[in-house]
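Next come the chains, spelled out residue by residue.
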Amino acid sequence: MARGKLRIYLGAAPGVGKTYAMLSEAHRRVERGTDCVVGFVEHHGRPRTEVMLHGLEQVPRRQLEYRGSRFGEMDVDAVLRRAPAVALVDELAHTNVPGSRNAKRWQDVEELLSAGIDVVSTVNIQHLESLGDVVESITGVRQRETVPDEVVRRADQIELVDMSPEALRRRMAHGNIYKPDKVDAALSNYFRPGNLTALRELALLWVADRVDEYLNAYRSEHRVSKIWGSRERIVVGLTGGPEGRTLIRRAARLAEKGAGGEVLAVYIARSDGLTSASPKELAVQRTLVEDLGGTFHHVVGDDIPAALLDFARGVNATQIVLGSSRRKAWQYVFGPGVGATVARESGPDLDVHIVTHEEVAKGRGLPVARGARLGRARIIWGWAVGLVGPAVLAVLLNSVALGLANDMLLFLTLTVAAALLGGLFPALASAAFGSLLLNYFYTPPLHRLTIADPKNIVAIAIFFGVGMSVASVVDLAARRTHQAARLRAESEILSFLAGNVLRGETSLEELLERVRETFAMESAALLERASDTEPWTCAGRAGFGRPLERPEDADVDMPVGDHMALALTGRVLPAEDRRVLAAFAAQAAVALDRRRLRQEADQARALAEGNRIRTALLAAVSHDLRTPLAGIKASVSSLRSDDVEWSEEDRAELLAAIEEGADRLDHLVGNLLDMSRLQTGTVTPLIREIDVDEVVPMALGGVPEGSVELDVPESLPMVEVDPGLLERSVANLVENAVKYSPRDRPVLVSASAIADRVEVRVVDRGPGVPDEAKDRIFEPFQRYGDAPRGAGVGLGLAVARGFAEAMGGTLDAEDTPGGGLTMVLSLRAAGSRPGALVAGRDIAEPERQAS
C-alpha cells in the first residue's frame with residue numbers, strides 16, 4: 001500500500017488561522033469529490049471556525065477517563081476503519097490523554113499515513129522540538145508539547161499561514177481567539193509585539209530553509225549547474241594570508257544588505273603546493289567567520305580558480321569576494337592570477353568582488369621558486385625546444401663553422417633546456433634528434449648517417465648519454481617536488497582533521513560533511529553491517545543525491561574493518577587520494593564508536609541512578625518502614641492474646657497505635673511511589689484552572705488540629721495547576737513544617753498574588769536551615785540535622801519540588817524572620833500564558849482561527 005501524503009499548515013503563533021485554512025482546504029476537496037473526513041478538529045468555541053465544520057463528516061471521538069474527568073481524543077481505529085482519502089487532524093504536537101493508543105498525536109498521524117490515508121494537519125513553530133530553547137528565551141514559556149523536526153520536515157507539503165503581529169493583536173482584541181476575560185492578560189504577556197515578531201521571523205526562516213532543501217534536491221536531481229539567485233550566498237576565497245579577515249568582514253557587510261544573506265568562507269589547498277597558509281591564521285579566520293554567522297570550508301583542488309568556481313556553483317552562491325593580489329608587478333609575467341581568472345570565468349550568474357587591503361602588492365612567493373611540478377605550458381615549451389630548437393640551431397651552424405666540439409656543446413645546451421622545461425621525454429627526443437643532426441651535418445662523411453672516425457662515435461654517444469642523464473635528473477627532481485607538495489597538502493588536511501577533533505567537532509555527520517567538501521563529492525555515507533550475510537545499514541550520511549544501500553553502489557568506497565565502509569558518490573578519486581580518505585574513514589569509525597559509547601554511558605548513568613534510587617528505597621524499606629510495622633504487629637498480637645484481659649481504654653489505645661502505624665506506612669509508601677514516578681518521568685500533570693483556597697485546606701487533613709494557621713484570601717486569582725499534585729505538595733510541606741516547629745508555635749500557611757504568579761508560603765518557627773543546605777534538603781533521602789524519630793525517609797520535600805516543577809511552578813526555601821524556615825511555592829496564575837495543558841492539550845492555544 002502506498003504511503004499517504006502529509007500536508008501541514010505551519011503558523012508563527014496561536015490564532016493566525018491554521019485550522020481555518022485547513023477546513024477551507026477540506027471544503028475545496030469535498031467540492032472536487034474527494035472523500036474527506038474530520039479525524040480531530042477542536043474549534044475552542046470560536047463561532048467562525050465552528051461554522052467551517054458544517055458540511056464535513058466527523059469521525060466520533062474516543063472518550064477516555066483520566067483523574068475523574070472525561071476527555072475526547074481522536075479514534076484512530078475508527079478513522080482506519082472508515083479509510084477516507086483524506087483525514088483532517090488538528091494539533092500535530094498534541095499529547096494524548098494517558099490510555100490512548102499512542103502517546104503523541106503525530107504518532108497517530110504516522111499510522112494513518114502508513115495505511116495510505118492522506119493527512120492535513122496544523123502545528124505552530126514553537127512546538128518544533130529543536131526550537132524549544134529559542135522560543136522559551138523569547139516568550140519565557142517552555143513548550144511542553146513538541147513534535148520532532150524530522151516529522152514536519154518529511155511532510156510532502158508545508159504551507160505557511162502568516163499574519164502580521166498588528167493584525168494578530170487586533171484579532172485578539174476583537175475576541176476571535178480567546179475569551180474576553182483572557183484578552184488583556186494575553187496581549188500584555190505572550191502576545192506582545194516583540195514576541196510575535198520574533199516568532200514570525202522563526203517561522204519564515206524555518207520555511208525558507210525547508211524551501212532551500214527542496215531547491216537543492218531539485219538541482220541535484222535535474223543536474224542544474226546554473227546558479228539560481230534565490231538568496232544571497234557570498235563565498236569568500238581565503239589564501240591564509242592576513243587579508244582574510246578584511247575579506248570576511250566585507251562579505252558579512254554585503255550579506256547584511258540582503259535578507260537571509262549567508263557567508264561561506266572557503267580555503268582551497270592546492271595539491272601542487274603552490275599556496276601556503278599559516279594554520280594559526282586560518283584558525284583565527286575560521287573563528288571570525290563563525291562569530292559573524294558564516295561557515296568555514298576546506299577544499300582540495302589542483303586548479304584554484306576552477307575549484308573556487310565549482311564550490312560557488314555547488315552551493316548556489318551569487319557572489320564571490322576575493323582580495324587584490326599580493327604579487328608585485330613583475331610577477332604577473334607568470335600568469336594573470338586567481339582573481340582575474342575567476343572574474344573572467346565566473347560568467348553572468350556570479351558577481352566577483354575584488355577587495356583592496358593593506359597587503360596589496362607587498363609580494364608573495366612565486367610558483368617557480370617553490371619548485372612546483374611541471375605544468376602543461378612548460379611541457380609544451382619543452383617539446384618545442386627539444387624538437388624545433390635543434391633544427392633551428394643546425395640551420396644557424398651551417399653558416400658558421402665552430403667545430404664539432406662546440407657544435408655538440410650547443411646541441412647539449414638545447415637538450416638540457418628541454419629537460420629543464422619539459423622533463424624526461426622532451427629531453428630524450430631532443431638528445432636523439434640532436435644526435436642525428438650532428439651525425440648528418442657535422443661528422444664525416446657529411447650528409448650521410450654514417451661515421452668514419454671512431455672518435456666521433458664516442459663523442460656522439462657521450463652527448464646522448466649526458467642528455468639522457470640530465471633529463472632523468474630533472475624529471476626525478478620534478479617528481480620528488482610533486483610528491484613533497486602532495487604530502488604537504490595531505491598533511492594540511494590531516495592537521496585540519498586533527499584540529500577538528502581537538503576543538504570537539506567529533507560528530508559523525510560533521511565529519512562526513514568535511515569528507516564530502518574536501519573531495520568535492522555529492523554525498524558521503526558510513527555503512528555498516530553485523531556480519532557478511534546481513535544487509536548494509538547507514539550509520540550516518542551527509543550531502544545530497546541518491547541514498548546508498550551498498551558500498552558497491554558508490555563511486556568510491558573505503559573499507560573500515562570487516563563490516564564497515566565509507567562510501568562516496570560524485571566522481572572517481574585517483575589512487576593517491578585514498579590515503580587521506582583512509583584517515584577520514586578511520587576517524588569516522590572512531591566518531592561512530594564514540595557516539596555509541598556516549599549513548600551507552602548515558603544508559604549506564606541512567607541505570608546507575610536507578611540502582612541508587614532502588615538501593616535507597618530498599619534501605620528506606622528496611623529501616624524506616626520497620627518501626628510502624630513492628631508497632632502494628634505488637635498491637636495486633638496484644639489484642640489477639642488470650643492471656644491478658646484488656647480494658648476498653650487499653651483496646652482503644654492499641655487500635656489507635658495500629659491506625660497511626662498504618663497511616664505512617666501509607667504516607668511513606670505514597671512518597672516512595674511518588675518519587676519513583678518522578679525519577680522515571682511518568683508524572684503527567686492534568687492542568688486546569690482552580691482557586692487556591694479550594695485546594696490548600698484539603699492538604700491540612702493529616703496534621704494535628706490547631707497546629708496550622710490558614711491565611712488564604714478568596715480574592716486571589718485562579719492558578720493553572722494539577723489539583724492533586726498541588727494538594728500533595730502542600731501536604732508534604734505542611735507536614736515537614738509541623739515536625740520541626742515548636743508545639744506552641746503553629747505553622748502559618750498563607751497565599752498572595754505577585755505579578756502573574758501566586759505564592760503559597762508555609763512558615764514554621766523551627767531551628768531553620770543554613771544557606772548552604774537549603775538546596776540539599778530537596779534531594780531524595782535527605783534529612784537535615786537531628787530529625788525526630790519517625791520523620792520518614794527524607795522524600796517529602798523532594799516530592800513536593802518535583803510536583804511543583806511538573807506543574808510549571810517553583811519551590812524554594814527562605815529564612816523566616818525571627819527564626820525558622822519558610823517554604824515558598826510559586827504557581828502560575830491563570831491567564832498568564834496562552835498554552836496551559838489540559839489533559840496534555842493546550843487549552844489556551846488557538847490552533848484554529850476564523851478569518
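Bear in mind the structure is a predicted one, so any value in this text is a computation, not a measurement. (Residues numbered from 1 in each chain as written. Predicted model: local features only at pLDDT ≥ 70, side-chain atom pairs only at ≥ 80, totals over all residues. Heavy atoms only, no water.)

### Here we look at the overall build of the chain
Here is step 1: If you tally the helices and strands in the chain, you get 24 helices and 26 strands.
Here is step 2: Counting across all 851 residues of the chain, residues that qualify as buried make up 47%. (Helix = DSSP H or I, 4+ residues; strand = E, 2+ residues; numbered from the N terminus. Buried < 20%, exposed > 50% of the residue type's maximum accessible area, 1.4 Å probe, protein only.)

### Regarding helix H12 (residues 304–314)
Here is step 1: Within the sequence span of H12, burial applies to Ile304, Pro305, Ala307, Leu308, Leu309, Phe311 and Ala312.
Here is step 2: Buried positions along H12 lie against strand S9 (233–238), strand S10 (262–269), strand S11 (295–300), strand S12 (319–323) and helix H13 (338–345).
Here is step 3: Asn316 lies just past H12 and shows a positive phi near 60 degrees. (Contact = heavy atoms within 4.5 Å.)

### Looking at the side chain of Gln319
Here is step 1: The residue Gln319 is located in strand S12 in this model.
Here is step 2: By relative accessible area, which is 10% here, Gln319 ends up buried.
Here is step 3: Of the polar contacts made by the side chain of Gln319, one reaches the side chain of His353; its length is 2.5 Å.
Here is step 4: Excluding residues within four positions of it along the chain, Gln319 makes contact with Glu232, Arg233, Ile234, Val235, Leu254, Leu350, Asp351 and His353. (Polar contact = N/O pair within 3.5 Å; in protein donor to acceptor, adjacent residues only side chain to side chain.)

### Structural notes on a negative patch on the surface
Here is step 1: Where like charges cluster on the molecular surface, the negative patch consists of Glu648, Glu649, Asp650 and Glu653.
Here is step 2: Given the relative accessible area of 30%, Asp650 is considered partly exposed. (Patch = residues over 30% accessible without salt bridge, like charges linked within 9 Å, V, L, I, M, F, W, Y side chains within 5 Å. Areas by Shrake-Rupley, 256 points an atom, 1.4 Å probe, with all protein chains shown as cover. Salt bridge = Lys/Arg side-chain N within 4 Å of Asp/Glu carboxyl O. Lys, Arg positive; Asp, Glu negative; His and termini not counted. Charge placed at Lys NZ, Arg CZ, Asp CG, Glu CD.)

### Overview of the sheet that holds strand S13 (residues 351–355)
Here is step 1: The strand order across the open sheet formed by 5 strands is S11-S10-S9-S12-S13, and the pairing between neighbours is parallel. Single-partner strands in this sheet number two, and they are S11 and S13. Within this sheet the neighbouring strands show an average axis-to-axis angle of 25 degrees, counted without direction.
Here is step 2: Pairing of S12 with S13, which is carried by 5 bridges, proceeds in the parallel orientation. Considered in S13, the bridge of Gly323 is made with Val355.
Here is step 3: Strands S9, S10, S11 and S12 of the sheet are contacted by H12, whose axis makes an angle of about 150 degrees with S10. (Pairing = 2+ DSSP bridges. Axes fitted to C-alpha atoms, helices over the stretch in contact; angles between N-to-C directions.)

### Description of the pairing of strand S21 (residues 747–754)
Here is step 1: With 4 bridges connecting them, strand S19 (residues 708–711) and S21 associate as parallel partners. If you follow Leu710 over to S21, its bridge partner there is Val749.
Here is step 2: Between S21 and strand S22 (residues 757–763), which pair antiparallel in sequence order, lie 2 residues; one of them, Ala755, sits at a positive phi of approximately 55 degrees.

### Topic: the environment of Arg516
Here is step 1: Among the secondary structure elements, Arg516 is positioned in helix H18 (residues 508–518).
Here is step 2: On the basis of relative accessible area, Arg516 is assigned to the buried category, the value being 15%.
Here is step 3: Setting aside anything within four residues of it in sequence, one finds Arg516 in contact with Met521, Glu522, Ser523, Ala524, Ala542, Gly543 and Phe544.
Here is step 4: A distance of 2.7 Å separates polar atoms of two side chains, one belonging to Arg516 and the other to Glu513.

### Structural notes on the environment of Gly631
Here is step 1: Position of Gly631 relative to the elements: it lies in helix H20 (residues 626–640).
Here is step 2: For the pair Gly631 and Leu654, spaced 23 residues apart in sequence, the C-alpha to C-alpha distance is 9.4 Å.

### Details of a nonpolar patch on the surface
Here is step 1: On the surface, Ile379, Trp383, Leu387, Val388, Val392, Leu396 and Phe425 cluster together into a nonpolar patch covering about 650 Å² of accessible area.
Here is step 2: Here the nonpolar patch gets 6 residues from one element, more than from any other, and that element is helix H14 (residues 376–398).
Here is step 3: Residue position: Val392 is located in helix H14.

### Structural notes on the sheet that holds strand S3 (residues 57–58)
Here is step 1: Strands sit in the order S3-S2-S6-S7-S1-S8 across an open sheet of 6 strands; the sheet is parallel. Edge positions in the sheet fall to S3 and strand S8 (157–161), since each of these pairs with one other strand and no more.
Here is step 2: Looking at chain direction, strand S2 (residues 36–40) and strand S6 (residues 86–89) are connected through 4 bridges and run parallel. If you follow Val37 over to S6, its bridge partner there is Ala87.
Here is step 3: Across the sheet, helix H1 (residues 18–31) is in contact with strand S1 (6–11), S2, S6, strand S7 (118–124) and S8; its angle to S1 comes to roughly 145 degrees.
Here is step 4: With respect to the sheet, helix H4 (residues 105–114) is in contact with S1, S2, S6 and S7, its orientation differing from that of S6 by roughly 180 degrees.

### So, the packing of aromatic side chains
Here is step 1: Applying the stated rule across the entire model yields 0 aromatic pairs.
Here is step 2: Above the plane of the ring of Phe40 lies Arg61, whose end atom (NZ or CZ) is 4.1 Å from the centre.
Here is step 3: Above the face of the Phe40 ring, Arg105 is positioned so that its terminal group lies 3.9 Å from the ring centre. (Phe/Tyr/Trp six-rings, centres within 6.5 Å; stacked < 30°, edge-to-face > 60°. Lys NZ or Arg CZ within 6 Å of the ring centre and 35° of its normal.)

### A look at the packing of H12 against H13
Here is step 1: Packing of H12 against H13 leaves a shortest axis separation of 9 Å and a crossing angle of 50 degrees. Taken as axis vectors, H12 and H13 run oblique relative to one another. In terms of crossing hand, the pair formed by H12 and H13 is right-handed. Residues Ile304, Pro305, Leu308, Leu309 and Arg313 of H12 pack against Val338, Thr341, Val342 and Glu345 of H13.
Here is step 2: Among the residues forming the contact of H12 with H13, the class breakdown is 6 nonpolar, 1 polar and 2 charged. (Parallel < 35°, antiparallel > 145°, perpendicular 65-115°, else oblique. Left-handed = near helix turned anticlockwise from the far one by under 90°. Nonpolar A, V, L, I, M, F, W, Y, C, P; charged D, E, K, R; others polar.)

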